Amino acid sequence: MLALDHSRSMGLPEELDDGIVDQLETAMQSGDELEAWSARESYNAMIDGGGRKRLDTLKDAVGSALDGALGGATLDLVTFAGCRGVRRHGDYSPARHGDLRAAIAGLAPVPATPLTEALKAALAAAREGGASRVLLVTDGRDTCDGDPCAAARAVGSGIPVDVVAIGAAASLGCIAEATGGRLLVRRPDYPLDAAIAEASAPEEADPPCGP
């Protein structure tokens, strides 16, 4: 089960330091109108500029996982961006992974991050389809008045959610913790393709007890 963020911040440059993004997003919420305006202008200019974006890296990293550990899996896909933009695409058997790649390739940045509703949709789809885990890739906090931590706690640990965080790790760890999943944070020395590959790898079985 894949849940992929394509909110507007996924249009930020891939090489942009996460600390700078946090500073700008905090300033954009400032009560100082001039500071907020200046931060928004800088933020939007970086999104509208050229170069490789976070979303480009996400697409390539998922593609690499489909070439590897996920290649033989039937996968459901939920994508999210815009407060009414949570979409469940349905199941993709290995024979339809070309269609899955095309659906992911077609994603474009859209303002707002409905993380809570996306989490609920992904978990509902996982229960319905019998998926054992959810792989959630996102770069931000919920900006649609939701509380993903509360949603994760309400569900509990029935279906682990492995969260691959592109920044905003402090606000995303609660999802993994509440569901029994893992939090994997992209860093300069731990790129997104490595994080998604680790999250996609089959879990190792516990060693047998006793002699």
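How each quantity is defined
Residues numbered from 1 in each chain as written. Predicted model: local features only at pLDDT ≥ 70, side-chain atom pairs only at ≥ 80, totals over all residues. Heavy atoms only, no water. Disulfide = S-S within 2.5 Å. Helix = DSSP H or I, 4+ residues; strand = E, 2+ residues; numbered from the N terminus. Buried < 20%, exposed > 50% of the residue type's maximum accessible area, 1.4 Å probe, protein only.

Caption draft 1: Layout of the state of the cysteines. Per the counting criterion, the structure on display carries two disulfides. The disulfide partner of Cys83 is Cys144, and the gap between their sulfur atoms is 2.1 Å. For the disulfide bridge between Cys83 and Cys144, the dihedral angle about the S-S bond is near -90 degrees, and by the sign convention the bridge is left-handed. With Cys83 in the loop between strand S2 (75–80) and strand S3 (86–92) and Cys144 in the loop between strand S4 (134–138) and helix H6 (148–155), the pair connects residues that are 61 residues apart, well separated along the chain. The partly exposed category is assigned to Cys83, whose relative accessible area is 44%. With a sulfur-sulfur separation of 1.9 Å, Cys149 is cross-linked through a disulfide to Cys174. Since a negative S-S torsion denotes a left-handed disulfide, the Cys149-Cys174 link at about -70 degrees is left-handed. In this pair, Cys149 is assigned in helix H6 and Cys174 in helix H7 (residues 169–179), connecting sequence segments 25 residues apart. Just as Cys149 is buried, Cys174 falls in that class too. Across the protein, the way the bonded cysteines pair up, counted in sequence order, is 1-2, 3-4.

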